[in-house]
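# Residue-level structure breakdown
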Amino acid sequence: GLENILRIGEEDKRAGIMDQNPFVQEIDQVGGLDLIEQLQNHPNNDIYDKCVKLLETYIGLEEEEDQNLAPSMDEGANQYTFGAPAA
């Protein structure tokens, strides 16, 4: 159901009827995007897949790597620094 609503808003956006998908804004205003993101932790893989598809297709969010996970390089000391920003 939600995907169908978002698809209609996306079609209106592509047709030039709207500047943005109005349904994305409505869903965001009522906390729906947070709920969709929380559902990505659901044990059912089908629910996870549907949430990812909604976020990537209609919201424009993609899973990003956390840049803070990789060690940074301290050029002066010529070594990696873990847990601290590079100088």
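Before reading on, note that the structure itself is shown above.
Summarised in this report is the structure supplied together with it. (Residues numbered from 1 in each chain as written. Predicted model: local features only at pLDDT ≥ 70, side-chain atom pairs only at ≥ 80, totals over all residues. Heavy atoms only, no water.)

### What to know about a nonpolar patch on the surface
Among the surface-exposed residues, L2, I5, I8 and F23 lie close enough to one another that they form a single nonpolar patch of about 300 Å² accessible area. Top element by residues in the nonpolar patch is helix α1 (residues 2-14). It accounts for three residues. With respect to the helices, strands and loops of the structure, L2 is situated in helix α1. (Patch = residues over 30% accessible without salt bridge, like charges linked within 9 Å, V, L, I, M, F, W, Y side chains within 5 Å. Areas by Shrake-Rupley, 256 points an atom, 1.4 Å probe, with all protein chains shown as cover. Salt bridge = Lys/Arg side-chain N within 4 Å of Asp/Glu carboxyl O. Helix = DSSP H or I, 4+ residues; strand = E, 2+ residues; numbered from the N terminus.)

### Thoughts on helix α3 (residues 32-39)
What sets the pattern is the α-helix's 3.6 residues per turn: residues three or four places apart point alike. Within the sequence span of α3, burial applies to G32, L33 and I36. Here the buried residues of α3 occupy an arc of 100° about the axis, which is enough to place them on one side. Check the buried side of α3 and you find it contacts α1, α2 (22-29) and α4 (45-59). (Buried < 20%, exposed > 50% of the residue type's maximum accessible area, 1.4 Å probe, protein only. Arc of directions from axis to C-beta. Contact = heavy atoms within 4.5 Å.)

### Section: the packing of α3 against α4
The angle between the axes and the distance between the axes are what describe a pair of packed helices. Relative to each other, α3 and α4 sit at 140°, their axes nearing to 8 Å. By the angle between their axes, α3 is oblique relative to α4. The handedness of the crossing between α3 and α4 comes out as left-handed. Residues L33, I36, E37 and L39 of α3 form the contact with α4, whose own contacting residues are I47, Y48, C51, L55 and I59. Residues of the contact of α3 with α4, tallied by class, amount to eight nonpolar, no polar and one charged. (Axes fitted to C-alpha atoms, helices over the stretch in contact; angles between N-to-C directions. Parallel < 35°, antiparallel > 145°, perpendicular 65-115°, else oblique. Left-handed = near helix turned anticlockwise from the far one by under 90°. Nonpolar A, V, L, I, M, F, W, Y, C, P; charged D, E, K, R; others polar.)

### Remarks on the nonpolar core
The biggest cluster of nonpolar side chains holds ten residues, and these are L6, V24, I27, L33, I36, C51, L54, L55, Y58 and I59. Within the residue set of this core, elements represented by two or more residues are α2, α3 and α4. With five residues, the single largest contributor to this core is α4. In this structure L6 touches N21, F23, V24, I27, L54 and Y58, once residues within four positions along its chain are discounted. (Core = buried A, V, L, I, M, F, W, Y, C linked by side-chain atoms within 4.5 Å.)

### Here we look at the side chain of N21
Relative to the elements of secondary structure, N21 occurs in the loop between α1 and α2. In this structure the side chain of N21 is engaged in a polar contact, spanning 3.5 Å, whose partner is the side chain of E10. There is a polar contact of 3.0 Å between the side chain of N21 and the backbone nitrogen of F23. Contact partners of N21, with chain neighbours within four places excluded, come to L6, G9, E10 and K13. (Polar contact = N/O pair within 3.5 Å; in protein donor to acceptor, adjacent residues only side chain to side chain.)

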